[in-house]
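# Summary of structural features
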Amino acid sequence: MLFRSRQVTNLLPLTPLSNTERYSSWLVKNSIAHSSLARASASSPRSPARNFSAAPPPPTDTAAQESYLNGSSASYVEDMYDSWAHDPSSVHPSWDSYFRNGSYQAPPTLGSSGRPNEMPLSAMMPSIAAAGGLAKGADSHMVEAHLAVQGAIRSYQVRGHLAAQIDPLGLNNMDKKKARDMIIRSVKVDEKDYDMEFQLPTTTWIGGNEKSLPLREIINRLEKVYCGSIGTEYMHINNLDQINWIREKIEAPGALTLENEDKRRLLARLSRSIGFEAFLAKKWTAEKRFGLEGVEMLIPCMKQVIDRSTELGVESVVMGMPHRGRLNVLANVCRKPLEQLLTQFHGLEAVDEGSGDVKYHLGTYVERLNRATNRNIRLSVVANPSHLEAVNPLVEGKVRAEQFYRGDTEGKKAMSILLHGDAAFAGQGVVYETMGMSELPDYTTKGTIHIVANNQIGFTTDPRYSRSSPYCTDVGRVVNAPIFHVNADDPEAVMLVSNIAAEWRATWHRDVVIDLVGYRRFGHNEIDEPMFTQPIMYSIIKKHPNVMDIYSKKLISEGVVTKEEFGATVERSEERRVGKECRSR
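This structure is a prediction, so every number in the text was calculated from the model and none was measured.

We now examine the overall build of the protein chain. Summing up its helical and strand segments, the protein chain has 23 helices and 10 strands in all. Within the protein chain, the fraction of its 585 residues that count as buried is 46%. If you take every contact in the protein chain between residues at least 6 apart in sequence, the share linking residues at least 24 apart comes to 75%. Of the roughly 29600 Å² of accessible surface on the protein chain, a fraction of 53% belongs to carbon and sulfur atoms.

Right under this line is the structure:
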């Protein structure tokens, strides 16, 4: 009897009754003789002894405060529910009333339930039953259509970059219909469903404040975001918060637009970048200079990254880069005096023989006012020989040292920018080694912004014969870095990506990669003839207009600038260069 008392004591919190009987008197009154239990078991083997159980006793004060689904009673309640589900008369009427009122929900099961007395879901969810969602039966076609829409949205997020129009020459861009079939190949969507409105899942921001959109509009918005001039790789990241951060940045309506003021500033910067290369080509036709023709947007891209980072608190930027574009970076990003740069094109003095390096290997250090943010900024370009990526660990070490002596443990004051060529980024082991150390506690610089000047050729080698990966930037996936492939002939897309990259680094303190896809208008250096090795590509390049012609026509057609204003912008850049060149003589 004492053992049975302890057992029943554990069951006291389970009772739904309110009775004032004391436990001791209840146990004496309602005890069942052993002979009765034996006869019940022999006569009806399927009927459990619960048929003889009386109403449960009232809970004590301490037991009433305890949840009835505690560890010692949950299994008992489940057994009671299982018996009631097969035969309601097998339990006490109080339990029958308790289960019928829906106060208890059985644990979920992966298979179909075998309980003949199972409560329907509509009985426990009156709101669904009232809406007719389950009472009338679900339309299987509608369910499949909603699942197909969610699958299509995820397909664009995962594979949309494969169909992005990121090649300005059009050699590798995918046809729109072929791209759509490739992206949603695992999802079947009927034509009649395109005008049907579907609820948007929480995994996308394309709707903005709208909770549902027609399927046709959903696909159009996804194609604009993921299959336009920007191809975004980010679904390989294993942090959901970071994935949602990028989704919101690129998918929200209006996210990929620029103000007119920003467009005019962009045109001026582009004019200075292209004008500088044209000036050097005209003035020193036989000199090696490794110009940026074809990826001139590198200069506005770097300046925008620096401007946005300065707004977010960065005070010092250390840059490392190969020789291509170095003179333009020194002139238009660092604002190194042009008379110093242009002097290097003249022959060295006799006393200078044997000292220094060629002009496109040299670095600089400048401290100046950032006119866009009205804040002081320190810019440093590390000198680099022709080993291209060899400078990467030196840049990271310099930034790490500066952060250490500043006490900048979060990397908010000093940051690094590394510029790469497409072939070197994929081919040189020091790139992987440097990125592999980017998250180590004793080496991290809290995020580096990598910008790849991708001219789709390495010296004379086509990418098909120089790497196995689809992109030159695939090494960035190793460290969960988001990768933004952007068409260098779409300046506004480049600006938007630059802003996102700077904000990513400031928010998450991790690496990010910008793949600036352009072309190389001339040979490896300006003396080479590329038609011998890439005749098809360079027959297209010869007919292709430069990015300033494309963008100026766009802004004039939009009414952002007039032809006179554009001409005045070009003249100011030319006058500045000519004046500095005269002083360098």
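With that out of the way, let us pick up the sheet that holds strand β9 (residues 483-487). Whenever strands of a sheet pair, they do so through backbone hydrogen bonds, lying parallel or antiparallel. The eight strands are arranged β3-β9-β10-β8-β7-β4-β6-β5 in an open sheet whose pairing can be described as mixed. The sheet terminates laterally at β3 (230-233) and β5 (364-370), the two strands that pair on one side only. The mean inter-strand angle of the sheet, taken between neighbouring strand axes irrespective of direction, is 20 degrees. Pairing analysis gives six bridges linking strand β8 (residues 448-454) to strand β10 (residues 512-517), with the strands arranged parallel. Within the sheet, the bridge partner assigned to His450 lies in β10 and is Val513. Running over the sheet, helix α17 (residues 392-406) touches β4 (316-320), β6 (375-381), β7 (414-421) and β8 and is turned about 175 degrees from β7.

Let us look at the nonpolar core. Of all hydrophobic cores here, the largest spans 92 residues; its most connected members are Ile218, Met319 and Ile417. Element by element, the count of residues in this core is highest for helix α20 (residues 491-508), at eight residues. In this view, Met319 contacts Met302, Ile306, Val333, Cys334, Leu379, Ser380, Val381, Val382, Val395 and Ile417; residues no more than four positions away in its chain are not counted.

What follows covers the packing of aromatic side chains. Under the definition given, this model contains six aromatic pairs. Measuring from ring centre to ring centre gives 5.6 Å for Tyr81 and Trp84, while their planes differ by 35 degrees; the resulting arrangement is tilted. Here Tyr81 pairs with Trp84, and both are found in helix α5 (residues 74-86), just three residues apart, close to one helical turn. Accessibility expressed as a relative area gives 0% for Trp84, which makes it buried. Plain terms: the ring middles of Trp245 and Trp504 are 5.8 Å apart, the flat faces sit at 65 degrees to each other, and that makes the pair edge-to-face. Highlighted residues: Trp245 in helix α12 (residues 240-251) and Trp504 in helix α20, separated in sequence by 259 residues.

As a further point, take a nonpolar patch on the surface. On the surface, a cluster of nonpolar side chains totalling about 280 Å² of accessible area is made up of Met437, Leu440 and Tyr443. Mapped onto the elements of the fold, Leu440 is located in the loop between α19 (429-436) and β8. Take Leu440: its relative accessible area is 38%, and that puts it in the partly exposed class.

Turning next to the environment of Ser498. Following the sequence through the fold, Ser498 ends up in helix α20. Those residues in contact with Ser498 that lie beyond four places of it in its chain are Cys301, Gln304, Val305 and Ile514. A polar contact is formed between the side chain of Ser498 and the backbone oxygen of Val494, at a distance of 2.8 Å.

This paragraph deals with the confidence of the model for the protein chain. Taken as a whole, the protein chain shows an average pLDDT of 80; of its residues, 76% reach a score of 70 or greater. Scored below 50 in pLDDT, residues 43-52 makes 11 contacts in the model with residues more than four places away or belonging to other chains.

Taken as a whole, this structure holds 21 salt bridges when the rule is applied. Between Lys249 and Glu503 there is a salt bridge; the shortest N-O distance is 2.9 Å. Of this pair, Lys249 sits in helix α12 while Glu503 sits in helix α20, placing them 254 residues apart in sequence. Take Lys249: its relative accessible area is 30%, and that puts it in the partly exposed class. Residue classification places Glu503 among the buried residues on the basis of a relative accessible area of 14%.

Moving on, we get to the packing of helix α13 (residues 260-283) against α20. Here α13 crosses α20 at 105 degrees, and the two axes come no closer than 11 Å. Judged by the angle between their axes, α13 and α20 are roughly perpendicular. Of the residues in α20, those touching α13 at Lys263, Leu266 and Leu270 are Pro491, Glu492 and Met495. A class-by-class count of the residues in the contact of α13 with α20 yields four nonpolar, no polar and two charged.

Tracing the sequence through the fold places Ser155 in helix α9 (residues 140-159). Looking at Ser155, the relative accessible area reads 6%, which means it is buried. With 29 residues separating them along the chain, Ser155 and Ile184 place their C-alpha atoms 6.0 Å apart. Side-chain polar atoms of Ser155 contact the backbone oxygen of Ile183, separated by 3.5 Å.

A separate point is the pairing of β9. Extensive coverage of β9 is indicated by the burial of five of its five residues. Neither face of β9 is left uncovered, since the one carrying Ile483, His485 and Asn487 and the one carrying Phe484 and Val486 both have all their residues buried. Note that β3 and β9 share four bridges and pair antiparallel. Each residue of the ladder has a partner; that of Gly231, found in β9, is His485.

Below, the discussion takes up unusual backbone geometry. Positive phi values are uncommon outside glycine, yet Phe459 reaches one of about 60 degrees. Position of Phe459 among the secondary structure elements: in the loop between β8 and β9.

Among the structural elements, Ser438 can be located in the loop between α19 and β8. You can call Ser438 buried: its relative accessible area is 9%. Reaching out from Ser438, the side chain makes a polar contact with the backbone oxygen of Met435 at a distance of 2.7 Å. In this structure, Ser438 is in contact with Thr444, Thr445, Val479 and Asp511, ignoring residues within four places of it in sequence.

Rules and cut-offs
- Residues numbered from 1 in each chain as written.
- Predicted model: local features only at pLDDT ≥ 70, side-chain atom pairs only at ≥ 80, totals over all residues.
- Heavy atoms only, no water.
- Helix = DSSP H or I, 4+ residues; strand = E, 2+ residues; numbered from the N terminus.
- Buried < 20%, exposed > 50% of the residue type's maximum accessible area, 1.4 Å probe, protein only.
- Contact = heavy atoms within 4.5 Å.
- Areas by Shrake-Rupley, 256 points an atom, 1.4 Å probe, with all protein chains shown as cover.
- Pairing = 2+ DSSP bridges.
- Axes fitted to C-alpha atoms, helices over the stretch in contact; angles between N-to-C directions.
- Core = buried A, V, L, I, M, F, W, Y, C linked by side-chain atoms within 4.5 Å.
- Phe/Tyr/Trp six-rings, centres within 6.5 Å; stacked < 30°, edge-to-face > 60°.
- Patch = residues over 30% accessible without salt bridge, like charges linked within 9 Å, V, L, I, M, F, W, Y side chains within 5 Å.
- Salt bridge = Lys/Arg side-chain N within 4 Å of Asp/Glu carboxyl O.
- Polar contact = N/O pair within 3.5 Å; in protein donor to acceptor, adjacent residues only side chain to side chain.
- pLDDT = per-residue confidence, 0-100.
- Parallel < 35°, antiparallel > 145°, perpendicular 65-115°, else oblique.
- Nonpolar A, V, L, I, M, F, W, Y, C, P; charged D, E, K, R; others polar.

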